[in-house]
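Structure assessment
What follows is the residue order along each chain.
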Amino acid sequence: MKIGFIGCGNMASAMIGGILRQGIFSKDEIIVSNLTDEGRARSEKTLGVVTTLNNNEIVRSAKTVVLAVKPQFYEKVLTEVHDSLTTEHTIIGIAPGKTLAWLEEKAGLPLKVVRFMPNTPAQVGAGMTAVCTNDRVSEDELAEILKITDSFGCTEVVPERLMDAAGAVGGCSPAYVFMFIEAMADAAVSQGMPRKQAYKFASQTVLGSAKMVLETGRHPGDLKDMVCSPAGTTIEGVRTLEKSGFRSAVFEALTAAAEKGKKL
Ligand SMILES: NC(=O)c1ccc[n+]([C@@H]2O[C@H](COP(=O)([O-])OP(=O)(O)OC[C@H]3O[C@@H](n4cnc5c(N)ncnc54)[C@H](OP(=O)(O)O)[C@@H]3O)[C@@H](O)[C@H]2O)c1
């Protein structure tokens, strides 16, 4: 086994989807655990990787182990696998708030520790992942780790102090973008557009706008101004968004998410 995942829900499945698509590891080089028989059957059916209900089997089979359970279960899981861990292992935490130092302390031995903050667009190869590591991870080992995260999207190596910010703007934000798309589509439906077509307009518009920011390098405000014709339709929408506190609502949402991450 090349890599193991303790817990295989939404986020692990999304990452594994990207890893398999890019051929970084094959199905028989990936082992995952679930808590329940139902979860295990789902992992087997949807991913086709090796599965188990035994977390120690993951740690005994793979030297790189991703902790993909909810943050509340991290301590329990690390205690459970403690006797199987060695200094040869690299453990990768993907939960907000579980710091490199915390992970090493709970693992109970000096080992390589990495944090990822991925997001669910990894499932379609368009993820955005923040990565940081402890001092035991060499440059060469980091390069190998980045091959994994690059397989399901883009990666930025960040200092650990930015992981909560990355969690908000990367990890959590797909939820807010999906809410935005849903709201845009609802408005188009209320104007008479069929629902399916409305989702296509809304999502392709978000995708295209994001692509413009990434590919032109122009300031988002500048790109916004390009859309607003004098005395036109767009600027009326901008006026009502500002009146409704749109920017402030987004600012507050990401701040709340980052602050919550610090407490977990
Ligand atoms: N979802 C996101 O967008 C996202 C983004 C960035 C980071 N994260 C982080 O990723 C982690 C997982 O989140 P998620 O959204 O993927 O959660 P999820 O869908 O609820 O998946 C959790 C998985 O953990 C398994 N599990 C629970 N207890 C276990 C145990 N003791 N041993 C083995 N497996 C166990 C569950 O098994 P069953 O399938 O059998 O129930 C399930 O597969 C969290 O720490 C979260 O903060 C999530």
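Within each chain, residues carry numbers counting from 1 in the order of the written sequence. Residues qualify for local features only when their pLDDT is at least 70, as the model is predicted, and side-chain atom pairs are given and counted only at 80 or more; totals for whole chains, interfaces and linings, by contrast, use all residues. Only hydrogens and water are removed before side-chain values are computed, so all heavy atoms of the structure are retained for them.

1. Let's talk about the nonpolar core
In this description, a nonpolar core means a group of buried Ala, Val, Leu, Ile, Met, Phe, Trp, Tyr and Cys residues linked to one another through side-chain atoms lying within 4.5 Å. With a 1.4 Å probe rolled over the protein chains alone, any residue whose accessible area is under 20% of its type maximum counts as buried; one over 50% counts as exposed, and the rest are partly exposed. Within the largest apolar cluster, 54 residues are counted, with the highest numbers of intra-cluster contacts made by Phe5, Ile30, Ile91 and Ile94. For helices the rule is a DSSP run of H or I covering at least 4 residues; for strands it is a run of E covering at least 2, with both sets numbered from the N terminus onward. Examining the composition of this core, we find that six residues originate from one element, helix H1 (residues 10–22), more than from any other. The contact definition used throughout considers only heavy atoms, calling two residues in contact when any of these lie within 4.5 Å. Discounting chain neighbours no more than four positions away, the residues touching phenylalanine 5 are Ala12, Met15, Ile16, Ile19, Ile30, Ile31, Val32, Ser33, Ile58 and Val66.

2. Some thoughts on the UniProt feature "domain: Pyrroline-5-carboxylate reductase dimerisation" (unreviewed entry) in the protein
UniProt positions are given in the numbering used here, feature names are shortened, and annotations may be inferred rather than shown by experiment. The positions UniProt marks with the feature "domain: Pyrroline-5-carboxylate reductase dimerisation" (unreviewed entry) are residues 160–264. Overall, residues 160–264 shows 82% helix and 0% strand. The separation of its end C-alpha atoms is 15 Å.

3. A word on the sheet that holds strand E8 (residues 153–157)
One open sheet holds the eight strands; their spatial order is E3-E2-E1-E4-E5-E6-E7-E8, and the pairing between them is mixed. Unpaired on one side and paired on the other, strand E3 (50–52) and E8 mark the two borders of the sheet. When strand polarity is set aside, the average angle formed by the axes of neighbouring strands in this sheet is 25 degrees. Strand pairing is defined by DSSP finding a minimum of two bridges between the two strands. Note: strand E6 (residues 112–117) against strand E7 (residues 127–133), four bridges, orientation antiparallel. The partner of phenylalanine 116 across the bridge, within E7, is valine 131. The sheet contacts of helix H7 (residues 163–190) involve E6 and E7, and relative to E6 the element is tilted by about 35 degrees. Note on definitions: angles span 0 to 180 degrees between N-to-C directions of axes, and those axes are lines fitted to C-alpha atoms, for helices only across the stretch in contact.

4. Brief notes about the site of the ligand
Any residue with at least one heavy atom within 4 Å of a molecule or strand is counted as near it. Around the ligand, the structure places 25 residues, and the nearest of them are Asn10, Met11, Asn34, Thr36 and Val69. At a separation of 2.6 Å, an oxygen atom of the ligand approaches a polar side-chain atom of threonine 36. Counting of polar contacts relies on pairs of N or O atoms within 3.5 Å, with two restrictions inside protein: one atom must be capable of donating a hydrogen and the other of accepting it, and residues adjacent in sequence are counted only when both atoms are side-chain atoms. Here an oxygen atom of the ligand and a side-chain polar atom of arginine 42 are 2.9 Å apart. In isolation the ligand exposes 900 Å². Once the protein is present, 83% of that is buried. A total of three residues in the shell around the ligand trace back to one element, the largest contributor, which is helix H4 (residues 74–81). Tallied by class, the residues present in the shell around the ligand amount to 13 nonpolar, nine polar and three charged. To measure how exposed things are, a 1.4 Å probe is used in the Shrake-Rupley method; for residues, cover is taken only from the protein chains shown. Amino acids outside the nonpolar list (Ala, Val, Leu, Ile, Met, Phe, Trp, Tyr, Cys, Pro) and the charged list (Asp, Glu, Lys, Arg) are all regarded as polar, and Gly is one of them.

5. Things to note about helix H5 (residues 100–107)
Among the residues making up H5, those that are buried are Leu100, Trp102, Leu103, Glu104 and Ala107. Close packing links the buried residues of H5 with strand E4 (64–67), H4, strand E5 (90–93), E6 and E7. After H5 finishes, the residue glycine 108 shows a positive phi value of roughly 85 degrees.

6. Considering the pairing of strand E2 (residues 30–33)
Where burial is concerned, the two faces of E2 agree: the one with Ile30 and Val32 and the one with Ile31 and Ser33 are both buried. In this sheet, E2 lies alongside strand E1 (residues 3–6) in parallel orientation, the contact comprising four bridges. Paired with glycine 4 across the two strands is isoleucine 31, which belongs to E2. By definition, the crossover connecting two strands over a helix is right-handed if that path, from the first strand to the second, turns clockwise as seen with the strands pointing away from the viewer. With H1 bridging E1 and its parallel neighbour E2, the resulting β-α-β unit is right-handed. When E2 meets E3, the two strands line up parallel, connected through three bridges. The residue bridging serine 33 from the neighbouring strand is threonine 52, located in E3. Handedness of the crossover is the feature at issue here: the chain leaves E2, passes through helix H2 (residues 37–47), returns alongside E3, and the resulting connection is right-handed.

7. Structural notes on the UniProt feature "domain: Pyrroline-5-carboxylate reductase catalytic N-terminal" (unreviewed entry) in the protein
Here, the residues flagged by UniProt with the feature "domain: Pyrroline-5-carboxylate reductase catalytic N-terminal" (unreviewed entry) are residues 2–95. Helix makes up 41% of residues 2–95 and strand 20%, with an end-to-end C-alpha separation of 21 Å.

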